[in-house]
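Residue-level listing of the chains:
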Amino acid sequence: MPHRFSFASTFVNRSIIGSVYLAVLLIFFAAQMLFTTFLTLPPLSVFLLVAFASILRLIEIFCAEQIVTKDKSSSQRFAVSSISWTLVLALLLAVLTRQPDTHYFGMLILPVLEAAIYFSFAITLLISAAASIVSLFWVAYAANFTPPFESGEILEASTLVLVYFIVGCLVWLLVHMLRDREEQLRQQLDDLEATRGKLIEEEKLAAIGRLASAVAHEIRNPVAIISSALETAASGSFASKEREEMSRIAGMEAKRLEKLTTDFLSYAGPGNASFQQLDATALVGYIVSIVQPQALQKDLQIEVKMCDTCCVYGNEGQLQQALLNLMRNAIEASPQSRSILVAVVKQSREALNIRIENAGPPIPRRVADHIFEPFFTAKEGGTGLGLAIARSIVDRHHGELHLERNDTDHIVFTIRVPSIDREDTVQTHTVREF
């Protein structure tokens, strides 16, 4: 059976319970002051006792975190003390009031409620019985223990006894149901978390499998071509010109294989990366100057919109590689004699966008859904790692790379990275990438 004590074991709930006790005590005392003003004031001892009890509850409210820990035994002991003190307090206030008819026994409902919240059903019945004994004791005490007792007093005490037991049982039942439901919910959350962990692990293994399969497929083709070309070049049954051609093909495939492995290593992880404050305008301007000759071959114009106050915090080489991959893709996808727009825009104080827009037909939807996956390519001769590497780099810089727009003559890739102000001083440090 789930344990009900945790329902109110935190210091927040303990503070609430203390506040309820204090509020009820002050209300009962205010009621006494209000209805006895025209008769006689309560004795000084009542004022002192109420003040003392109020101070104790204030200490409980403001020091609950230190008084009540998450340890079950210490919290239980404090709850027992609170219940016992309230039982005694109600009786003391009734005695010190020196009036046969007193309303302070209404306070005894609070220990019953506290027992129902904190303890088992048996203890709740025990506290209800204790509250009942105190109420019945007062009937005898008010009559100086000399029967017959007044029927009105007996009826009032009996009613309180009935209320104690009914309320105690009902509240315990409700708390019991809530605790059972809470335990079920906790168990379901644990099961969901365990299932989530398994799914993540399975997805990782599946991703590793897909990646290994793609790597093997990409490496197998050039290796097979190199092997076949070398066999042909070493065979004496072919003419010298054909053997030279096979040697040249083997060399080209070896270079392609080297590029493929280099790209894969870049995608898999760059190792140590030194991060520092970088001028976003200078970063983008450098990449534009590098790809300018390639753009001129297609009579493309590169329009640049810069931000003079934009700075980023990252690794210069990695960000240059990501931008270079995007710019080369934009140039290759652009039709002849068109333009490419590169814009550095400060989105907010915390982030800036680098937008690269090119003309041409939109990327097909079936292709756009997979363009950031490694080894997925729609270009002849492509490795399918350019955009995957770019996104991996941007992710390491706590940014985002996405296809912002995919319309005719408006294909826009956007890099969003954290921005820093020029006046902020940032020390260079090394970040370990995994």
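Quantities reported herein were computed from a predicted structural model and do not represent experimental measurements.

A. Inspection of the state of the cysteines at higher detail. Summed over the entire model, instances satisfying the criterion amount to one disulfide. Covalent S-S linkage joins Cys 307 and Cys 310, the inter-sulfur distance amounting to 2.1 Å. Between Cys 307 and Cys 310, the S-S torsion sits near 80°, and that sign places the bridge as right-handed. With respect to class, Cys 307 is no different from Cys 310; both count as buried. The cysteine Cys 311 is free of any disulfide, with Cys 310 supplying the nearest cysteine sulfur at 7.6 Å.

B. Structural context of the side chain of Thr 102. Its location among the elements puts Thr 102 in the loop between helix H4 (72-97) and helix H5 (109-118). Among the polar contacts made by the side chain of Thr 102, one reaches the main-chain amide nitrogen of Tyr 104 at a distance of 3.4 Å.

C. Structural context of the nonpolar core. Leu 323, Met 327, Ile 340, Leu 352, Ile 356 and Ile 415 are the most contacted members of the largest nonpolar core, which totals 43 residues. Elements with a minimum of two residues in this core: helix H8 (240-268), helix H9 (280-296), helix H10 (316-333), strand S4 (339-346), strand S5 (351-358), helix H12 (386-396) and strand S7 (410-420). Tallying contributions element by element places H10 first for this core, with eight residues. Among the nonpolar cores identified, the runner-up in size contains 34 residues, and Val 24, Leu 89, Ala 90 and Ala 94 belong to it.

D. A look at the confidence of the model for the protein. Per-residue confidence for the protein averages 81 on the pLDDT scale, and 85% of its residues sit at or above 70. Confidence scores differ between elements of the protein, with strand S8 (residues 429-432) showing the lowest mean pLDDT of 38 and S5 the highest of 92. Ignoring residues within four places in sequence, the model shows residues 424-434, a span with pLDDT below 50, making 27 contacts including any to other chains.

E. Local environment of unusual backbone geometry. Here Asp 299, not a glycine, exhibits a phi torsion of approximately 55°, which is positive. Counting through the fold element by element, Asp 299 comes out in the loop between H9 and strand S2 (301-305). Given the relative accessible area of 46%, Asp 299 is considered partly exposed. Positioned with a positive phi, Asp 409 is a non-glycine residue whose angle comes to about 65°. Along the chain, the position of Asp 409 falls in the loop between strand S6 (400-407) and S7.

F. Highlighting the pattern of salt bridges. Using the criterion set out here, one finds ten salt bridges in the structure. Glu 182 is paired through a salt bridge with Arg 179; the nearest N and O atoms lie 1.2 Å apart. Within this pair, Glu 182 and its partner Arg 179 are both found in helix H7 (residues 151-234), separated by three residues, close to a single helical turn. Taking relative accessible area as the criterion, Glu 182 reaches 30% and is therefore assigned partly exposed. Its salt-bridge partner being Glu 193, residue Arg 196 comes within 3.5 Å of it at the nearest N-O pair. On the criterion of helical spacing, the pair formed by Arg 196 and Glu 193 is a turn pair, its members being three residues apart in helix H7. Linked through salt bridges whose partners overlap, the residues forming this network are Arg 179, Glu 182, Glu 183 and Arg 186.

G. Representation of H9. The terminal C-alpha atoms of H9, which comprises 17 residues, lie 24 Å apart, in line with the 24 Å expected from a rise of 1.5 Å per residue. In H9, a bend of some 35° at Ile 290 exceeds every other bend along the element, and Pro 293, a proline, comes one to four places later. Buried within H9 are the following residues: Ala 280, Thr 281, Leu 283, Val 284, Ile 287, Val 288, Val 291 and Ala 295. One side-chain oxygen at the N-terminal end of H9 lies 2.9 Å from the backbone nitrogen of Thr 281; it belongs to Asp 279.

H. Just the pairing of S6, in detail. Bridge analysis of S6 against S7 gives seven bridges, and the strand direction is antiparallel. Bridge assignment links Glu 400 to a residue of S7, and that residue is Arg 416.

Here is what the cut-offs are and how they apply
For every chain, the first residue of the written sequence is number 1, and numbering continues from 1 along that sequence. Whole-chain, interface and lining totals are the exception, using all residues; otherwise, since this is a predicted model, local features are given only for residues with pLDDT of at least 70 and side-chain atom pairs are given and counted only at 80 or more. In computing side-chain values, all of the structure's heavy atoms are included and hydrogens and water are not. Cysteine sulfur atoms are paired as a disulfide whenever they fall within 2.5 Å. Only protein chains enter the accessibility calculation, which uses a 1.4 Å probe. A residue is then buried if its area is under 20% of the maximum for its type, exposed if over 50%, and partly exposed in between. Put simply, DSSP marks the helices as runs of H or I at least four residues long and the strands as runs of E at least two long, and each gets a number from the N terminus on. Two N or O atoms form a polar contact when they lie within 3.5 Å of each other; inside protein one atom must be a possible hydrogen donor and the other a possible acceptor, and for residues adjacent in sequence the pair counts only when both atoms belong to side chains. To define a nonpolar core, start from buried Ala, Val, Leu, Ile, Met, Phe, Trp, Tyr and Cys residues and group those joined through side-chain atoms within 4.5 Å. What pLDDT expresses is the predictor's confidence in each residue, scored from 0 to 100. Only heavy atoms enter the contact rule, under which two residues are in contact if any of them lie within 4.5 Å. Any Lys or Arg side-chain nitrogen located within 4 Å of an Asp or Glu carboxyl oxygen qualifies as a salt bridge. What a helix should span is 1.5 Å times the count of its residues minus one. A residue's bend is simply the angle between two axes: one fitted to the seven residues ending at it, one to the seven starting at it. Strand pairing is assigned whenever DSSP identifies at least 2 bridges connecting the two strands.

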